[in-house]
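Topology and contacts: notes
So you can see what is in the structure, the chains are spelled out below.
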Amino acid sequence: MNEVNTMRAMEISTPGGPEVLRETRRPMPIARAGEVVIRLAYAGVNRPDALQRAGLYNPPATASDLPGLEGSGEVVALGAGVTSVALGDSVCALLPGGGYAEYATCPAAHCLPVPAGLTLKQAACLPETFFTVWSNVFLRGGLKAGERFLVHGGSSGIGTVAIQLAKARGARVFTTAGSAEKCAACTALGAERAMNYREVDFAKEIREIGGADVILDMVGGDYLQRNINALADDGRLVQIAFLQGFKQEVNFMQIMTRRLTLTGSTLRPQSDRAKARIAEDLKAEVWPLLAAGAIFPVMDQEFDLVDAAKAHMRMEASQHIGKIVLKVTG
């Protein structure tokens, strides 16, 4: 393979554990109409990357088979019809895949400017988490100022964003986490209370203060009924993952008599247009908060691209607080 027209990347050699990630060279991507090519400086590491690596989350047919759903860097090529970004722009982007590489393509409408005052490293942590939190907590869950919001896994990348954004928009924020250190990190970010799920019955505690108006959950399994119990009347449960399983019995009587809403979504399969609308919302509603320093990405640890396996091991061991990033170029 001609190295002039190739790039360094980390591929999934076969479905399995972190050790199946291996360095390789791939052809340089080419921007189709409406797309850009980004020379990536950093890539964010997310749970869907690990699920894809394990063979449990197949990429869309039109996406790269390389993992990596977000990154930051410089726009180096424009596809036909692209006018929203220019060559040389510093951007962060929600990627359809392919972030574990030196170059990646994505629709230009899924690129956002690096917020003022943030580094490329910090910006790489924004797209996947902020797109997910905004679309699920505020669009799907309809969280409003003054309402009670419970987010599980408050020390995760999603959790640290959800706490800050809900607090900034006037909600009362509660969360769960798995250690005293993680609970302390959550309260420092603005949570009114952080409950150690190993020690506390979160459903009982939340019901005692009136119940949660919105719950964001990525645990699934037996959390489903506990979340239903924790909701206030007319409450909304938004499911974005199921780390403890996707099948569970549900008490429909509570849903009916208390007018509860159970909903959920995944980001990656949504249409390009739907993701573009989320990007437009973020630029208008959230990016000013980032630029003002009112909210910020919580950073955990940086790994070199070739050490992607170590990054996955840290994430899957739940050792992190905030986002893990891969340094790609720079």
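The preceding data block contains the structure.
Sequence order as written defines the numbering, with residues in each chain counted from 1. Local features are withheld for residues below a pLDDT of 70 in this predicted model, meaning they are given only at 70 or higher, and side-chain atom pairs are given and counted only at 80 or more; totals for whole chains, interfaces and linings count all residues. Hydrogens are left out, water is left out, and the side-chain values use all remaining heavy atoms of the structure.

1. Let's talk about the pairing of strand E15 (residues 323-327)
To keep it simple, the criterion reads: Buried, partly exposed and exposed residues are distinguished by accessible area as a fraction of the type maximum, computed with a 1.4 Å probe on protein chains only: under 20%, between the cut-offs, and over 50%, respectively. We count a stretch as a helix when DSSP gives it H or I for four or more residues in a row; a strand needs E for two or more, and each element gets its number in order from the N terminus. Two strands make a pair as long as DSSP finds a minimum of two bridges between them.
Among the 5 residues of E15, 4 are classified as buried, and the element is accordingly described as predominantly covered. Sheet topology note: the strand E3 (residues 35-45)/E15 ladder contains 4 bridges and is antiparallel. Pairing of Gly 44 across the sheet is with Val 325, part of E15. Sheet topology places strand E14 (residues 299-304) next to E15; 5 bridges connect them, and they run parallel. Paired with Glu 302 across the two strands is Val 325, which belongs to E15.

2. Observations regarding the nonpolar core
Note the threshold: Remark: nonpolar core denotes a set of buried residues (Ala, Val, Leu, Ile, Met, Phe, Trp, Tyr, Cys) joined through side-chain atoms within 4.5 Å. For this analysis, residues touch if any pair of their heavy atoms sits within 4.5 Å.
Core analysis: the largest hydrophobic core is formed by 44 residues, its most contacted members being Phe 130, Phe 149, Leu 216, Leu 282 and Val 286. Not counting chain neighbours up to four residues away, the residues in contact with Val 286 comprise Phe 130, Trp 134, Leu 165, Asp 281 and Ile 295. Grouped together as the second largest cluster of nonpolar side chains are 27 residues, Met 10, Val 85, Cys 106 and Leu 305 included.

3. A word on the pattern of salt bridges
Note the following rule: One speaks of a salt bridge when a side-chain nitrogen belonging to Lys or Arg is within 4 Å of a carboxyl oxygen belonging to Asp or Glu.
Considering all chains together, one arrives at 18 salt bridges under this definition. In the salt-bridge network here, residues are joined through shared partners; they are Glu 11, Arg 22, Arg 26 and Asp 65.

4. Details of the packing of aromatic side chains
Each aromatic ring pair is characterised by the separation of its centres together with the angle its planes make. Keep this limit in mind: Side-chain rings of Phe, Tyr and Trp (the six-membered ring for Trp) are treated as a pair once their centres are within 6.5 Å; stacked means planes under 30 degrees apart, edge-to-face means over 60, and tilted covers the remaining angles. By definition here, charges over rings are those cases where NZ of Lys or CZ of Arg is within 6 Å of the ring centre and within 35 degrees of the ring normal.
In this structure the tally under the stated criterion is 4 aromatic pairs. Consider the rings of Phe 130 and Trp 287, whose centres lie 6.1 Å apart with planes at 80 degrees: the pair is edge-to-face. Residue Phe 130 is located in helix H3 (residues 127-140), and its partner Trp 287 is located in helix H10 (residues 287-291); the two are separated by 157 residues in the primary sequence. Taken individually, Phe 130 and Trp 287 each receive the classification buried, so the pair is uniform in this respect. Ring centres of Phe 242 and Phe 246 lie 5.4 Å apart, and the angle between their planes is 65 degrees; this geometry places the pair in the edge-to-face category. What makes Phe 246 exposed here is its relative accessible area of 61%. Cation over ring: Arg 169 sits above Phe 138, and NZ or CZ is 5.2 Å from the ring centre.

5. Focus on the side chain of Asn 227
Within the element layout of this structure, Asn 227 appears in helix H7 (residues 223-230). Taking relative accessible area as the criterion, Asn 227 reaches 0% and is therefore assigned buried. With residues up to four places along the chain from it excluded, the contact list for Asn 227 reads His 152, Phe 202, Ile 215, Asp 217 and Leu 237.

6. Considerations on unusual backbone geometry
Of all residues except glycine, most have a negative phi; of all peptide bonds, most are trans. The backbone phi angle of Asp 234 is positive, close to 70 degrees, even though this residue is not glycine. Along the chain, Asp 234 falls in strand E12 (residues 231-239). Even without glycine at this site, Arg 259 takes up a positive phi of about 55 degrees. Following the sequence through the fold, Arg 259 ends up in the loop between helix H8 (252-257) and strand E13 (261-264).

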